[in-house]
Amino acid sequence: MTILFAPSEGKRPGGALPPIDPEAFFLPELFDKRMEAVDRYRRFVENADESALMKLFGVKEPSLMERWRHDVAKAPTMEAVLRYDGVAYDHLDYPTLPSDAQAYVKENLVIFSNLFGPVKGGDRLPDYKLKQGESIGDFRPERFYKAHFSNALEAYLRERGPIVDLRAGFYEKFFKLTLPHITMKFLKNGKSVSHWAKAYRGRVVRRMAEEGVETIEGIEALQIEGLRIVEILQSKNAKTFVYEILA
């Protein structure tokens, strides 16, 4: 089982784990490629003017930038699933999961970082800031990772059984999934929701981790508070579970 997931703009500061190295990430054979992106970011942060950095970080106040004007290659790290701090991650609520469910998340969740590319929930990340969709000078991270990581990531996914794609649409620019997979849609009064979809994606991952789900049948049988499956749609390579929000 692999669950593809989006990052969040918000990050928790600090970290108590060592700086990034080849052991920090899955797909270790591509560590040098990751570092190409990281090095471009490092040079840009070191040399760019204030307005360019504000645009890169997606902040409106210059005083907010100081937190991220450090060398990410030398900064302390924490597990990716703990680094991200947004709606989906609040509802996943990883710290309160039992140890076996935390192990499930660390192993089975693949998050698409705007700077580091695809990382597992248990991979180590420093504190960083790169607004979704921003380029680093003339460097486009999404194009870079799509070009250099797609083959290895597809081979990795092919060996790991069912795939659940819970990413926001933007992250298809990093990796276009062509293997058979599951997606999910959340409806309120018959209409798709956007903001609350993040919350329910987090809740789905939490319940999958609590139950240790490894099969499509396990997903279909999953009881999730506030949600009910109303339809399962099948397309060429995707099965979409349509949930109604009950609350």
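For the structure itself, consult the block above.
The structure displayed is predicted, hence computed values, not measured ones.

One finds Tyr-41, Met-208 and Ile-219 to be the most contacted residues of the largest nonpolar core, which totals 82 residues. When neighbours within four sequence positions are excluded, Tyr-41 is seen to be in contact with Leu-56, Phe-57, Trp-68, Val-72, Leu-115, Tyr-128, Lys-129, Leu-130 and Ile-136.

In this structure the tally under the stated criterion is 16 aromatic pairs. Between Phe-25 and Phe-116, the ring centres sit 5.8 Å apart and the planes meet at 25°, which makes this aromatic pair stacked. Here Phe-116 lies in the loop between β3 (109-113) and β4 (117-120) and Phe-25 lies in the loop between β1 (2-5) and α1 (31-47), a separation of 91 residues in the sequence. Among the residues examined, Phe-25 registers a relative accessible area of 6% and is labelled buried.

Here we come to the side chain of Glu-142. By secondary structure assignment, the location of Glu-142 is in helix α6 (residues 141-158). With relative accessibility at 4%, the residue Glu-142 sits in the buried group. At 2.8 Å, the side chain of Glu-142 and the side chain of Arg-140 are in polar contact. Setting aside residues no more than four positions away along its own chain, Glu-142 makes contact with Lys-173 and Phe-174.

Opposite charge on two side chains makes pairing possible when the charged atoms of those side chains draw close. One pass over the structure, following the stated rule, counts 21 salt bridges. A salt bridge links Glu-66 to Arg-69; its shortest N-O distance comes to 3.5 Å. Look at Arg-69 and you get partly exposed, because its relative accessible area is 39%. The salt bridge involving Glu-142 is made with Arg-140; its shortest N-O contact spans 2.8 Å. You can call Arg-140 partly exposed: its relative accessible area is 28%. Among the ionic contacts, a cluster of salt bridges with common partners joins Arg-206, Arg-207, Glu-210 and Glu-211.

Residues of helix α5 (residues 99-108) that are buried include every one of Ala-101, Gln-102, Tyr-104, Val-105 and Asn-108, and no others. Down the axis, α5 shows its buried residues gathered within 155° of arc, on one side only. Exposed side of α5, more than 90 degrees from the buried face: Ser-99 and Asp-100 are the residues found there. Among the structural elements, β1, α3 (80-83), α4 (87-92), β3 and α7 (195-211) are those in contact with the buried residues of α5.

The next subject is the environment of Val-87. Checked against the element boundaries, Val-87 lands in helix α4. Classification of Val-87 by relative accessible area gives partly exposed; the value is 26%. Note: C-alpha distance between Val-87 and Gly-202 (115 residues apart in sequence) is 7.7 Å. Excluding residues within four positions of it along the chain, Val-87 makes contact with His-195, Lys-198 and Ala-199.

Time to look at unusual backbone geometry. Note: most residues except glycine have negative phi, and most peptide bonds are trans. The backbone of Asp-93 sits at a positive phi, close to 50°, despite the residue not being glycine. With phi around 55°, Asn-189 is a residue other than glycine that occupies positive phi space. As for its placement among the helices and strands, Asn-189 is situated in the loop between β7 (181-188) and β8 (191-192).

Looking at the secondary structure, you find Asp-165 in strand β6 (residues 163-165). A polar contact is formed between the side chain of Asp-165 and the side chain of Arg-167, at a distance of 2.9 Å. For Asp-165, the contacting residues outside a window of four places in its chain are Leu-4, Leu-177, His-181, Ile-182 and Thr-183.

Quick look at the pairing of strand β10 (residues 238-245) now. Where burial is concerned, most of β10 is hidden: six out of the eight residues are buried. Pairing between β7 and β10: seven bridges, direction parallel. In the strand pairing of β10, Lys-185 is matched with Val-242. Of the strand pairs in this sheet, strand β9 (residues 227-234) and β10 are connected by seven bridges, and their pairing is antiparallel. Looking at the pairing, Leu-227 lines up with Ile-245 of β10.

Rules and cut-offs
Residues numbered from 1 in each chain as written. Predicted model: local features only at pLDDT ≥ 70, side-chain atom pairs only at ≥ 80, totals over all residues. Heavy atoms only, no water. Core = buried A, V, L, I, M, F, W, Y, C linked by side-chain atoms within 4.5 Å. Buried < 20%, exposed > 50% of the residue type's maximum accessible area, 1.4 Å probe, protein only. Contact = heavy atoms within 4.5 Å. Phe/Tyr/Trp six-rings, centres within 6.5 Å; stacked < 30°, edge-to-face > 60°. Helix = DSSP H or I, 4+ residues; strand = E, 2+ residues; numbered from the N terminus. Polar contact = N/O pair within 3.5 Å; in protein donor to acceptor, adjacent residues only side chain to side chain. Salt bridge = Lys/Arg side-chain N within 4 Å of Asp/Glu carboxyl O. Arc of directions from axis to C-beta. Pairing = 2+ DSSP bridges.

Just distances and angles here, no functional claims.
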